[in-house]
Amino acid sequence: MELMNEITGKQVKDMLLGAYHSFEKNYVAINELNVFPVPDGDTGTNMMYTMASVAREISAMSDEAEAGEVGAAAARSAIMGARGNSGVILSQLLRGIGKGVAGKKTLNNTEIGKAFQFGILYAYRSVAKPVEGTILTVARGMAKGAYQAVRSENVSLEDVLLAAIRSGREELALTPEKLPALKAAGVVDAGGQGLIAFFEGCLAGLRGQDCQELEIAPRSASVKMAAEPLDLEYPYCTEFIVKGASVDKKTVSAALEGLGNSMIVAVVEDIVKVHIHTKNPGNALNTAQQWGTLHDIKIENMRDQHENRLFTAEDIQPVKHGVGVLTVAAGEGIARIMHEMGAAEIISGGQSMNPPVEDFVQAIENGTCEQYIILPNNKNIILAAEQVRKLLGNSKVSFVPTTNMAQGLAALLHFDATRSLDENTVVMTKEAKEATSGSVTVAVRDSVVNGIEVRQGDYLGILNDKIVCTGKSIEKVLEQMLSGGDYELLSLYYGADLDEAAAGTLAAKLEEINEDWEVEVFYGGQPLYPLLLAME
């Protein structure tokens, strides 16, 4: 490769995007190296999630952005998106690189080489009590290789990366000799292998090449984890972010040191990211509240993780991307329509079958998107949606307070995956409020509502969630409910208790009532409501 005189922001972007693609190619193989009975999630997946946050942030930046700007964006997005122990360490590698390129429009090879060396040192120093035979051992070896390369004259960035990778591989091969658990399983350290994958990706990105699958020796088939009882002094893996903080790493570490072990602290500007294993997560959170506001709190019982690892062998989930819509649908037909309109996840529910908060949380955790906008489409489900947002955080979940199917469809129609979570929420909320809805159902008891006397078994006409009329036939109710309406298009969604022929007959009757109305018929499949309507 020809020696470059300067490294631009575009080339820094290419390297970091290359690192992300390297994890996409290799995260499964890295996960297979995990041997500890109580892992903080899967190493490869956590590192890939962390790099996905970086990739999403820098992809949106102009190719004309300065190297320092790209480095700062990468550092900040990495700490916000860091997952697990290995992800936090990786975020500190990026913080060091960002610090090394800070304020620079372009860099010469020596400067960018030193920035990478700086990043490796930050990663090593992020752990309070480094353990030999882990990612930190590999990081230290890579720092030595990079240092030797940077000292040479006329060094290229490619030379620096190659030297770091070469020395890192040498250290990685020695990790089983330094950590008995690795030797017993016949594997190298997963985090160290992830660090190699990062630098291999950076090298490929710099060269303008596609990342390749690395040669990663799998776990020996003869090695099995013993299903021994787990005895943990600090059973809760606790992670959180503090925003608006004015505190340094030393102060944070000192305050939390006596509360647990396996502590990793990362600080970028006014953001603090903490990973700690503790007996009492509440004590750690209460301490952290003194520094700023808490966000993205995650607490996991590692005994449960241990049992899942031993007995369930769950499939690896792909990395989550972007913003998606999680909508509630009352029938299979409506669910299919919403899916075709772009809903990423759909939960069955509606009148008389309001889904619990747990269903939403599970759908989001198992879903393909990183952020979700919930469309409850029923007034009795709005509080559940609000509770989900509180549980998972405003940065991950928002909701549009849709009270009926028509509002949900109107909101979904204006969803744009290229917009942010907040931008979509504002636009979709506005469109939902302007939607006009109707429905027909059957009264289950005698009553007086809105001054209207209702008899059990009568059909009820509901306009914008308000009962406006009652009658002995669906046709009569529709005529009363829609009279006087300034509509151009009526969409009828017929339910499980109405067949296609009957729905077609009703549509024809409506077009006879008003020749200016265009009526469309769709299968909704919803129970209890023979018809749901959206009017425009």
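Located above this text is the structure these notes cover.
Residues numbered from 1 in each chain as written. Predicted model: local features only at pLDDT ≥ 70, side-chain atom pairs only at ≥ 80, totals over all residues. Heavy atoms only, no water.

Concerning the packing of helix 2 (residues 43-59) against helix 3 (residues 67-81)
- At a minimum axis distance of 8 Å, the contact between helix 2 and helix 3 shows a crossing angle of 140 degrees. On the basis of their axis angle, the class for helix 2 and helix 3 is oblique. Both helix 2 and helix 3 take part in a crossing whose hand is right-handed. On helix 3, the residues that touch Tyr49, Thr50, Ser53, Val54, Glu57 and Ile58 of helix 2 are Val70, Ala73, Ala74, Ser77, Ala78 and Gly81.
- Residues of the contact of helix 2 with helix 3, tallied by class, amount to 7 nonpolar, 4 polar and 1 charged. (Axes fitted to C-alpha atoms, helices over the stretch in contact; angles between N-to-C directions. Helix = DSSP H or I, 4+ residues; strand = E, 2+ residues; numbered from the N terminus. Parallel < 35°, antiparallel > 145°, perpendicular 65-115°, else oblique. Left-handed = near helix turned anticlockwise from the far one by under 90°. Contact = heavy atoms within 4.5 Å. Nonpolar A, V, L, I, M, F, W, Y, C, P; charged D, E, K, R; others polar.)

Regarding the pattern of salt bridges
- All told, the structure shown has 15 salt bridges when counted by the stated rule.
- Measuring nitrogen to oxygen at the nearest pair gives 3.2 Å for the salt bridge that ties lysine 178 to glutamate 171.
- Note on glutamate 171: relative accessible area 19%, which makes it buried.
- In this structure, the salt-bridge partner of lysine 396 is glutamate 365, at a minimum N-O distance of 3.3 Å. Taken together, the residues span a long stretch of sequence, with lysine 396 in the loop between helix 15 (382-392) and strand 8 (397-399) and glutamate 365 in helix 14 (residues 357-366) at a distance of 31 residues.
- Three or more residues joined by partner-sharing salt bridges are found here, namely Arg76, Glu269 and Asp270. (Salt bridge = Lys/Arg side-chain N within 4 Å of Asp/Glu carboxyl O. Buried < 20%, exposed > 50% of the residue type's maximum accessible area, 1.4 Å probe, protein only.)

Remarks on the sheet that holds strand 6 (residues 345-348)
- Judged by pairing direction, the sheet is parallel, and its 4 strands sit side by side in the order 6-5-7-8 without closing on themselves. Here the strands that pair on one side only, and so sit at the sheet edges, are strand 6 and strand 8. Between one strand and the next, the sheet's axes are offset by a mean angle of 25 degrees, whatever the strand orientation. (Pairing = 2+ DSSP bridges.)

Some points on the pairing of strand 2 (residues 260-268)
- Most of strand 2 is tucked away, with 7 of its 9 residues classed as buried.
- Bridge count for strand 2 against strand 3 (residues 271-278) is 7 bridges, and the pairing is antiparallel. Paired with isoleucine 264 across the bridge in strand 3 is histidine 275.
- In this antiparallel pair of consecutive strands, strand 2 and strand 3, the connection spans 2 residues, and glutamate 269 shows a positive phi of 55 degrees.

Regarding the packing of helix 5 (residues 109-125) against helix 6 (residues 135-151)
- Where helix 5 meets helix 6, the closest approach of the two axes is 9 Å, and the angle between their N-to-C directions is 160 degrees. Taken together, the axes of helix 5 and helix 6 are roughly antiparallel relative to one another. For helix 5 against helix 6, the interelement crossing comes out left-handed. Between helix 5 and helix 6, the residues in contact are Thr110, Gly113, Lys114, Gln117, Ile120, Leu121, Ala123 and Tyr124 and Leu136, Ala139, Arg140, Met142, Ala143, Ala146, Tyr147 and Val150, respectively.
- Of the residues contributing to the contact of helix 5 with helix 6, the split by class is 11 nonpolar, 3 polar and 2 charged.

In short, the description is geometric, and any link to function would need to be established separately.
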